[in-house]
Amino acid sequence: QVQLVESGGGLVQPGGSLRLSCAASGFTFSRTPMSWYRQAPGKERELVVGISSAGGGTNYADSVKGRFTISRDNAKNTVYLQMNSLKPEDTAVYYCNTNVDRRAYWGQGTQVTVSS
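Residues numbered from 1 in each chain as written. Predicted model: local features only at pLDDT ≥ 70, side-chain atom pairs only at ≥ 80, totals over all residues. Heavy atoms only, no water.

Help me understand the overall build of the chain in this model?
The secondary structure content of the chain amounts to zero helices and 11 strands. In the chain, the order of α-helices and β-strands from amino to carboxyl end is β-β-β-β-β-β-β-β-β-β-β. What you see for the chain is a C-alpha radius of gyration of 13 Å, in line with the 13 Å of a compact globule of 116 residues. Considering the chain as a whole, with its 116 residues, one finds that 43% of them fall into the buried category. Of all intrachain contacts in the chain linking residues separated by at least 6 positions in sequence, the fraction that spans at least 24 positions is 51%. Carbon and sulfur atoms make up 44% of the accessible area of the chain, which totals about 6,200 Å². Side chains of the chain carry 12 positive and 8 negative charges; the gap between the two charge centres is 5 Å. (Helix = DSSP H or I, 4+ residues; strand = E, 2+ residues; numbered from the N terminus. Rg over C-alpha atoms; globule rule 2.2 N^0.38 Å. Buried < 20%, exposed > 50% of the residue type's maximum accessible area, 1.4 Å probe, protein only. Contact = heavy atoms within 4.5 Å. Areas by Shrake-Rupley, 256 points an atom, 1.4 Å probe, with all protein chains shown as cover. Lys, Arg positive; Asp, Glu negative; His and termini not counted. Charge placed at Lys NZ, Arg CZ, Asp CG, Glu CD.)

Structural data, given as structure tokens:
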């Protein structure tokens, strides 16, 4: 079955960095686009960035352009989110997402808190 397991969240000061990882299994990872979403308290879940199956295409939300970088290692079935210059408004639960056979799958989420 499809499984997505996020890791790497935590507490960081404004201006700091974190790298999130999402380990995937149960589907052909190298042929499947992946995405990161986030959900802040009291807000709807929003797309942060998506990446194509081969990694050559990406689509960033305007709020994270120039600060966040998505990448993937198809040999390790893992997608990453490097987050730099973090701001308090980046505080949210971050979710890994994919679609397999027209069904959406989500990880359990990892909490990112940006605070001094």
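Continuing now.
What is the right way to look at the sheet that holds strand S8 (residues 78–83) in this model?
For sheets, the rule is that strands pair by backbone hydrogen bonds, running either parallel or antiparallel. Spatially, the four strands line up as an open sheet ordered S1-S3-S8-S7, and their pairing is antiparallel. The sheet terminates laterally at strand S1 (3–7) and strand S7 (68–73), the two strands that pair on one side only. Here the average twist between neighbouring strands, direction ignored, is 15°. (Pairing = 2+ DSSP bridges. Axes fitted to C-alpha atoms, helices over the stretch in contact; angles between N-to-C directions.)

So what exactly am I meant to see when it comes to the environment of Met 34 here?
You can see Met 34 is positioned in strand S4 (residues 34–39). Owing to a relative accessible area of 1%, Met 34 belongs among the buried residues under this scheme. Met 34 sits 14 residues away from Val 48 along the chain, and the two C-alpha atoms are 11 Å apart.

Just to check I follow, could you spell out the nonpolar core for this structure?
One finds Met 34, Trp 36, Phe 68, Val 79, Leu 81, Met 83 and Tyr 94 to be the most contacted residues of the largest nonpolar core, which totals 31 residues. Put simply, the parts of the chain that give this core at least two residues each are strand S3 (18–25), S4, strand S5 (46–51), S7, S8, strand S9 (92–100) and strand S11 (110–114). Phe 68 has contacts with Arg 38, Val 48, Tyr 60, Leu 81, Gln 82, Met 83, Asn 84, Leu 86, Asp 90 and Tyr 94, leaving out every residue within four places of it along the chain. (Core = buried A, V, L, I, M, F, W, Y, C linked by side-chain atoms within 4.5 Å.)

Is there a simple way to explain the pattern of salt bridges in this structure?
Between side chains of opposite charge, pairing is possible as soon as their charged atoms come close. Enumeration according to the criterion identifies four salt bridges in this entry. Ionic pairing is found between Arg 38 and Asp 90, a salt bridge with its closest N-O pair at 2.9 Å. Linking Arg 38 in strand S4 with Asp 90 in the loop between S8 and S9, this pair joins segments that are 52 residues apart in sequence. Using a relative accessible area of 0% as the deciding quantity, one classes Asp 90 as buried. Of the charged contacts, one joins Lys 65 and Asp 62 as a salt bridge, the two residues approaching to 3.1 Å between their closest N and O atoms. In this structure, Lys 65 and Asp 62 share a single accessibility class: exposed. Overlapping salt bridges, with partners in common, bring together Arg 38, Glu 46, Arg 67 and Asp 90 in one network. (Salt bridge = Lys/Arg side-chain N within 4 Å of Asp/Glu carboxyl O.)

Which parts of the structure should I look at to understand the packing of aromatic side chains?
How two aromatic rings sit relative to each other is set out by the distance from centre to centre and by the angle between their planes. Taken as a whole and assessed by the stated rule, the structure comprises three aromatic pairs. Here Phe 27 and Phe 29 contribute two aromatic rings whose centre-to-centre distance is 6.2 Å and whose plane-to-plane angle is 50°, an arrangement assigned as tilted. Classification of Phe 29 by relative accessible area gives buried; the value is 2%. Aromatic rings pair up to connect Tyr 37, Tyr 95 and Trp 106 into one cluster. (Phe/Tyr/Trp six-rings, centres within 6.5 Å; stacked < 30°, edge-to-face > 60°.)

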